[in-house]
Amino acid sequence: YAKNSGKNAYRLFTHSMQEDARKRFTLDNNLRRALERKEFVLHYQPQIDLRSGAICGAEALIRWIHPELGLISPADFIPVAEDTGMIVAIGEWVLREACHELRRWHDAGHGVRMSINLSGRQLSEEGLVASVLAIVDDSGIDARWLELELTESMLMDASASVIDKLHTLKRAGIALAIDDFGTGYSSMSYLKTFPVSALKIDRSFVRDLPHSTEDAAITKAIIAIARSLKMETVAEGIETLEQGEFLRASGCDKAQGYHYGKPMPAAQMRELLMRREQETAEPALPCDA
Ligand code: C2E
Ligand code: MG
Ligand code: MG
Ligand code: MG
């Protein structure tokens, strides 16, 4: 740390380090009890079919409502849960909760899909496939309405047993998507090794659309690769009408972002699905969620 930045800066630095350590310790300890105390909730963010403008699915995103610290973002506790191994139990809860919510949507007549994030640690668990299939079975949904999101790094160091699990999930009808595509340590070779059905274009490539010529070229290239490999594309982080229009014109299949709706509690998502069902298929309107 810079010597000449003075005593105050140094104090600030150590203070924030202690703060970090304290926070991490608190999180680690509390994560264990959070499941039993039912402090986790899932929020759902709509995914839009860019051709019809209809809601075609949602991504389940976990939140932790901590009794003292309030709402904690997954970016702050998922890495801790991965380190401690708690992600396995938390991830199973997410699968169960999301599949049961999807069952409610289907019972209400909404033909939509559910996307669920999977962590690398879950994928290396021996019992993952059995657990996913049991949850799908219990919830009474058709596996074809389920999509699991993986990251590039998970595929990069995938063992033979992980590859085998992915093929088994795929054979059961579950779709596999690559999340944050293009930001990881990408290697195109895994696109032919793994049974991938969708690429999620990372929001860092979407942010400066349509003005950035580089990002325009990158997104179009990703869409072209996906097309020729018969995969679908889902763009993340669409915040403006122009971004959505550009992606639709470029042949992107689906979109997700604040422009269409922020992640929201289950009750609000159900209302949104009901409201949108009543509208006829019109071009994508921003949801006022
Ligand atoms: P992700 O899977 O890439 O999820 C998309 C993230 O982008 C979400 O952040 C979402 O709220 C945010 N987002 C969506 N649209 C926009 C937009 O238009 N603008 C901006 N600025 N952001 C947008 P969130 O909910 O904080 O989740 C962060 C990450 O935490 C997720 O990234 C995912 O990697 C992880 N995560 C969330 N839930 C779970 C879970 O149940 N299991 C696991 N293993 N990881 C999860
Ligand atoms: Mg995701
Ligand atoms: Mg993502
Ligand atoms: Mg991510």
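Residues numbered from 1 in each chain as written. Chains lettered and ligands numbered in written order. Predicted model: local features only at pLDDT ≥ 70, side-chain atom pairs only at ≥ 80, totals over all residues. Heavy atoms only, no water.

- An unreviewed UniProt entry annotates the protein as GGDEF domain-containing protein originating from Massilia violaceinigra.

### Description of the coordination of the magnesium ion (ligand 2)
And then number 1: Every protein donor of the magnesium ion (ligand 2) is accounted for by E59 (OE), N117 (OD1), E149 (OE) and D179 (OD), and the metal-donor separations fall at 2.0 to 2.3 Å.
And then number 2: Counting gaps between the donor residues of the magnesium ion (ligand 2) yields the pattern E-x57-N-x31-E-x29-D.
And then number 3: The metal-metal distance between the magnesium ion (ligand 2) and the magnesium ion (ligand 3) comes to 4.0 Å, with D179 coordinating both. A residue pair is termed long-range when its members are at least 10 positions apart, and E149 in strand β5 (residues 146-151) and D179 in strand β6 (residues 175-181) qualify at 30 residues. Just as E149 is buried, D179 falls in that class too. (Donors = N, O, S within 2.8 Å, 3.2 Å for Na, K, Ca; no water. Helix = DSSP H or I, 4+ residues; strand = E, 2+ residues; numbered from the N terminus. Buried < 20%, exposed > 50% of the residue type's maximum accessible area, 1.4 Å probe, protein only.)

### Section: the coordination of the magnesium ion (ligand 3)
Tetrahedral coordination by four donors places them ideally at 109.5 degrees to one another around the metal; octahedral coordination by six donors ideally gives 90 or 180 degrees.
And then number 1: Bound to the magnesium ion (ligand 3) are the protein donor atoms D179 (OD), D180 (OD), E236 (OE) and E236 (OE), situated 2.1 to 2.5 Å from the metal.
And then number 2: As a motif over one chain, the donors of the magnesium ion (ligand 3) read D-D-x55-E.
And then number 3: Relative accessible area serves as the criterion here: at 7%, D179 is assigned to the buried category.

### A word on the pattern of salt bridges
And then number 1: Considering all chains together, one arrives at 15 salt bridges under this definition.
And then number 2: For R270, the salt bridge goes to E101, with nearest N and O atoms at 2.8 Å. Remark: E101 occurs in helix α3 (residues 87-107) and R270 occurs in helix α12 (residues 266-278); sequence separation between them is 169 residues.
And then number 3: On the basis of relative accessibility, which here comes to 36%, the residue R270 falls in the partly exposed class.
And then number 4: Connected through salt bridges with shared partners, the residues E59, E149, K200 and E236 form a single ionic network. (Salt bridge = Lys/Arg side-chain N within 4 Å of Asp/Glu carboxyl O.)

### As for the pairing of strand β4 (residues 113-117)
And then number 1: In terms of burial, β4 is largely enclosed, as four of its five residues are buried.
And then number 2: In this structure, β4 lies alongside β5, joined through four bridges in parallel fashion. Paired with S115 across the bridge in β5 is E147. (Pairing = 2+ DSSP bridges.)

### A short note on the environment of F205
And then number 1: Mapped onto the elements, F205 comes out in helix α9 (residues 203-206).
And then number 2: We classify F205 as buried; its relative accessible area is 11%.
And then number 3: Residues in contact with F205, not counting those within four places in the same chain, are F181, G182, T183, D215, I218, T219 and I222. (Contact = heavy atoms within 4.5 Å.)

### Examining the confidence of the model for the protein
And then number 1: Counting all residues, the mean pLDDT for the protein is 89, and 87% of those residues have values of 70 or more.
And then number 2: Note on residues 1-11: pLDDT under 50 across the span, and three contacts to partners over four residues away in sequence or across chains.
And then number 3: Overall fold confidence (pTM) sits at 0.90, and the ipTM for the predicted complex is 0.98. (pLDDT = per-residue confidence, 0-100.)

### Let's talk about the site of ligand 1
And then number 1: Close to ligand 1 lie 21 residues, the nearest being R63, N117, D179, E239 and Y258.
And then number 2: With respect to ligand 1, the side chain of R63 contributes an N or O atom lying 2.8 Å from an oxygen atom.
And then number 3: Across the complex, the protein chains shield 83% of the 790 Å² of accessible surface that ligand 1 would expose by itself.
And then number 4: Among the secondary structure elements, those contributing two or more residues to the shell around ligand 1 are β2 (55-66), α2 (74-84) and β6.
And then number 5: Residue contributions to the shell around ligand 1 peak at four residues, all from β2.
And then number 6: Across the shell around ligand 1, the residue classes break down as eight nonpolar, five polar and eight charged. (Near = heavy atom within 4 Å. Polar contact = N/O pair within 3.5 Å; in protein donor to acceptor, adjacent residues only side chain to side chain. Areas by Shrake-Rupley, 256 points an atom, 1.4 Å probe, with all protein chains shown as cover. Nonpolar A, V, L, I, M, F, W, Y, C, P; charged D, E, K, R; others polar.)

### Quick look at the side chain of S197
And then number 1: With respect to the helices and strands, the residue S197 is situated in the loop between α8 (190-193) and β7 (198-201).
And then number 2: Classification of S197 as buried rests on a relative accessible area of 16%.
And then number 3: Beyond its immediate chain neighbours, meaning those up to four positions away, S197 contacts K170, A175, L176, M231 and E232.

### Quick notes on the packing of aromatic side chains
And then number 1: One pass over the structure, following the stated rule, counts six aromatic pairs.
And then number 2: Consider the rings of F40 and F77, whose centres lie 5.6 Å apart with planes at 35°: the pair is tilted. Here the residue F40 occupies a position in strand β1 (residues 40-49), and F77 occupies one in helix α2, the gap between them amounting to 37 residues. Side by side, F40 and F77 carry an identical accessibility label, which is buried.
And then number 3: The interplanar angle of 45° and the centroid separation of 6.2 Å between the aromatic rings of F40 and W93 together place this pair among those described as tilted. In this pair, F40 is assigned in strand β1 and W93 in helix α3, connecting sequence segments 53 residues apart.
And then number 4: Judged by its relative accessible area of 22%, W93 falls in the partly exposed class. (Phe/Tyr/Trp six-rings, centres within 6.5 Å; stacked < 30°, edge-to-face > 60°.)

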